[in-house]
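Reading the structure
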Amino acid sequence: MSVSAVAADRSVCAPLPVLGRDVRVPLVTGGEVDYAALDYAASAPALQRVWDDVAAYAPYYGSVHRGAGYLSQLSTDLFENSRRTIEEFLGCGAEDQVIFTRSTTDSLNLLASVLPQDTRVFVFETEHHASLLPWEQRADVAVTYLNAPRTPQQAVDTLEKALAEREPYGPALVCVTGASNVTGELWPVRELAAAAHAHGARIVLDAAQLAPHHPVDIAELDVDWVAFSGHKLYAPFGAGVLAGRADWLQEAAPYLAGGGASRKVSRRTDGGVDVEWHTTAARHEAGSPNVIGAYAIASACRALSEAGFEGLIAREQALITRVREGLAEVPEVNVLSLFGDDAARVGVLSFVVEGWNSSHFAAALSAEYGIGVRDGLFCAHPLVRTLLGSAPQEPGECGAPDSAPGERSLNAIRVSFGAGTPDEHVDRFVRAVKELVADGARWNYRTEDGRCVPAV
């Protein structure tokens, strides 16, 4: 093979191989194709590196902490070394804690549980439900929902005004995403952190969509906490992370009560028990920890760091440009955006197609082209409804979601990709969109259990 041929071959390969890249799926029109997984924003496929690391460790799996056996000692070292790897990945300070959770949702619910009484939380309506809803579970916490901004500067100004007007002046927390799970747009995290701190508030960053695409450094971004999930970071083994300041975490009751969180338990003379809780991360990690999930996240962090974010970002931006330019050639396609076409973004784009219900369009992409995307409201209902508020009436066809009386049926299509996406998958997606809009679906579809599926 010539040097130019090798270069061309490399140009279409993903920089970080993932599982499932060779999976073949059937088409309703006949034949099979390699599955194009373009739903990274929901769950990214596992990196081959992560899978190999987990498989190599699996025979040595043992109980974590307090076990005297060799495998228990090895597993404990692996678990705690994984914590240190993630600390380095996030640029944590010496006083910060890394707590292993189940997901971003779990991390933010944990943080909600440790807020001091009468904390006021400020959150934009544009957030994913994982960062929009946990604060309402606390009766002694007040939540201020901020309207969707239309520019990054408007986001900062809106937050500044809300913080300045808050009464009484007590503990406050700002929750903001790093990258939208709907539009992929990057939020002005440093500027929002500066605004929060200038008004005596703390800030937590939902980095679920940011961490797989960009470096996330707690000190550089000047945020107090970071939350993210393994399953979006190429490590789908049921673990997440909450990292950052330790004081509120140490002062609050444990998120879960049980073994591991307790340092000492003794009976009282009145028949009850006295408990001394840990002040380390263990305080909020009761129960047997998910050592494989933690190790998988650490493996993914190492893989991304070693690959180099600079090169990964450059390639992803090239893919984003190909998708955006391809969709721009189809007048019927409307790409959703808060901040406008020039906004910086990660590999996440949502759109609607004139004359199509989004569920029908997504079903045709899957059944006729072997392309997996997401359709719906993406667990960000207020944001998507805001973005679709002036959209034309969608036809009530196959897969149209139920809506409340007097409310239009709204849904969109989301395509998302990352370091494991081959160029061919993106090119096939753009070609499929153009063909479906120009020629229509080649198959009939029906609604089954609320989903649009090929009719048989």
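Here the structure is a predicted model, which is why all the values come from computation and not from measurement. (Residues numbered from 1 in each chain as written. Predicted model: local features only at pLDDT ≥ 70, side-chain atom pairs only at ≥ 80, totals over all residues. Heavy atoms only, no water.)

All right, on to the overall build of the protein then. Scanning the protein for helices and strands turns up 14 helices and 19 strands. Radius of gyration (C-alpha) of the protein: 23 Å, near the 23 Å computed for a compact globule of 456 residues. Seen through its C-alpha atoms, the protein measures out along the principal axes to roughly 80 × 55 × 45 Å. Considering the protein as a whole, with its 456 residues, one finds that 52% of them fall into the buried category. For the protein, the proportion of contacts with a sequence separation of at least 24, taken over those separated by at least 6, is 71%. Taken as a whole, the protein presents about 19,700 Å² of accessible surface, with 51% of it coming from carbon and sulfur. (Helix = DSSP H or I, 4+ residues; strand = E, 2+ residues; numbered from the N terminus. Rg over C-alpha atoms; globule rule 2.2 N^0.38 Å. Buried < 20%, exposed > 50% of the residue type's maximum accessible area, 1.4 Å probe, protein only. Contact = heavy atoms within 4.5 Å. Areas by Shrake-Rupley, 256 points an atom, 1.4 Å probe, with all protein chains shown as cover.)

Let's shift gears to the sheet that holds strand β17 (residues 412–416). Working definition: the strands of a sheet are paired by backbone hydrogen bonds and lie parallel or antiparallel to each other. Across the sheet, which stays open at both edges, the four strands sit in the order β13-β14-β17-β16 with antiparallel pairing between neighbours. For this open sheet the edge positions go to β13 (333–335) and β16 (374–376), each flanked by a neighbour on one side alone. Here the strands of the sheet are splayed against their neighbours by 30° on average, with no regard to which way each runs. In this structure, β16 lies alongside β17, joined through three bridges in antiparallel fashion. (Pairing = 2+ DSSP bridges. Axes fitted to C-alpha atoms, helices over the stretch in contact; angles between N-to-C directions.)

It is worth spelling out helix α2 (residues 48–57) at this point. Turning to α2, its buried residues are Val50, Asp53, Val54 and Tyr57. Buried residues of α2, viewed axially, fall in a sector of 95°; they line one side. (Arc of directions from axis to C-beta.)

Looking now at the nonpolar core. Ranked by size, the top nonpolar core spans 84 residues in total, and within it Leu90 and Phe228 carry the most contacts. Element by element, the count of residues in this core is highest for helix α10 (residues 291–307), at nine residues. Other than its neighbours up to four places away in sequence, Leu90 contacts Val216, Asp217, Ile218, Val226, Phe228, Val241 and Ala243. Judged by nonpolar contacts, the second largest core, of 32 residues, contains Ala36, Val353, Ile371 and Phe417. (Core = buried A, V, L, I, M, F, W, Y, C linked by side-chain atoms within 4.5 Å.)

The strand order across the open sheet formed by seven strands is β4-β10-β9-β8-β7-β5-β6, and the pairing between neighbours is mixed. Only two strands of the sheet have a single partner each, and these edge strands are β4 (97–101) and β6 (142–146). Averaged over all neighbouring strand pairs, the angle between strand axes comes to 20°, with direction disregarded. By the bridge criterion, three bridges tie strand β8 (residues 202–206) to strand β9 (residues 225–229) in an arrangement that is parallel. When the sheet's bridge partners are listed, Asp206 is paired in β9 with Ala227.

One can describe the packing of helix α12 (residues 358–369) onto helix α14 (residues 423–439) by two numbers: an axis separation of 11 Å at closest approach and a directional angle of 115°. Remark: the crossing between α12 and α14 carries right-handed chirality. Along its contact with α12, which presents Phe361, Ala364, Leu365, Glu368 and Tyr369, the element α14 presents Arg428, Phe429, Ala432, Val433, Glu435, Leu436 and Val437. (Left-handed = near helix turned anticlockwise from the far one by under 90°.)

This part is about unusual backbone geometry. In this structure, the amide linkage connecting Glu167 to the following residue, Pro168, adopts the cis form with an omega of -5°. Its location among the elements puts Pro168 in the loop between α6 (152–164) and β7 (172–177). Even without being a glycine, Arg66 presents a positive backbone phi close to 75°. Residue Arg66 is classed as exposed on the basis of its relative accessible area of 69%. In this structure, Asp449 is a non-glycine residue whose phi angle is positive, near 55°. Counting through the fold element by element, Asp449 comes out in the loop between β18 (445–448) and β19 (451–454).

Taken as a whole and judged by the stated rule, the model has 28 salt bridges. Across the pair Arg263 and Glu276 runs a salt bridge whose closest N-O atoms are separated by 2.5 Å. Here the residue Arg263 occupies a position in strand β11 (residues 262–267), and Glu276 occupies one in strand β12 (residues 273–277), the gap between them amounting to 13 residues. In this structure, Arg451 engages Asp375 in a salt bridge whose closest nitrogen and oxygen atoms are separated by 2.8 Å. Highlighted residues: Arg451 in strand β19 and Asp375 in strand β16, separated in sequence by 76 residues. On the basis of relative accessible area, Arg451 is assigned to the partly exposed category, the value being 42%. Here the salt bridges share partners, and the residues they tie into one network are Arg202, Asp224, Arg245 and Asp247. (Salt bridge = Lys/Arg side-chain N within 4 Å of Asp/Glu carboxyl O.)

As a further point, take the packing of aromatic side chains. Summed over all chains, the structure comprises twelve aromatic pairs. Each ring, one from Phe89 and one from Phe309, has its centre 6.2 Å from the other, and the planes form 45°; the classification is tilted. With Phe89 in helix α3 (residues 70–90) and Phe309 in helix α11 (residues 309–328), the pair connects residues that are 220 residues apart, well separated along the chain. Phe309 matches Phe89 in its accessibility class, with the two residues each being buried. By way of ring pairs, the aromatic residues Phe351, Trp356, Phe361 and Phe429 are connected into one cluster. Taking NZ or CZ as reference, Arg166 lies 4.1 Å from the ring centre of Tyr169, over its face. Between Arg202 and the ring centre of Trp248, over which it is positioned, the NZ or CZ distance is 4.0 Å. (Phe/Tyr/Trp six-rings, centres within 6.5 Å; stacked < 30°, edge-to-face > 60°. Lys NZ or Arg CZ within 6 Å of the ring centre and 35° of its normal.)

Attention now goes to the confidence of the model for the protein. Model confidence for the protein is summarised by a mean pLDDT of 93, while 93% of its residues fall at 70 or above. pLDDT under 50 marks residues 1–11. Its contacts with residues more than four places away, or in other chains, come to two contacts. Here residues 391–396 is a poorly scored stretch, pLDDT under 50, and it has eleven contacts once near neighbours within four places are set aside; other chains count. (pLDDT = per-residue confidence, 0-100.)

When you line up the elements, Arg84 lands in helix α3. When the C-alpha positions of Arg84 and Thr177 are compared, they lie 24 Å apart, and in sequence the two are 93 residues distant. A polar atom in the side chain of Arg84 sits 2.3 Å from the side chain of Asn81. (Polar contact = N/O pair within 3.5 Å; in protein donor to acceptor, adjacent residues only side chain to side chain.)

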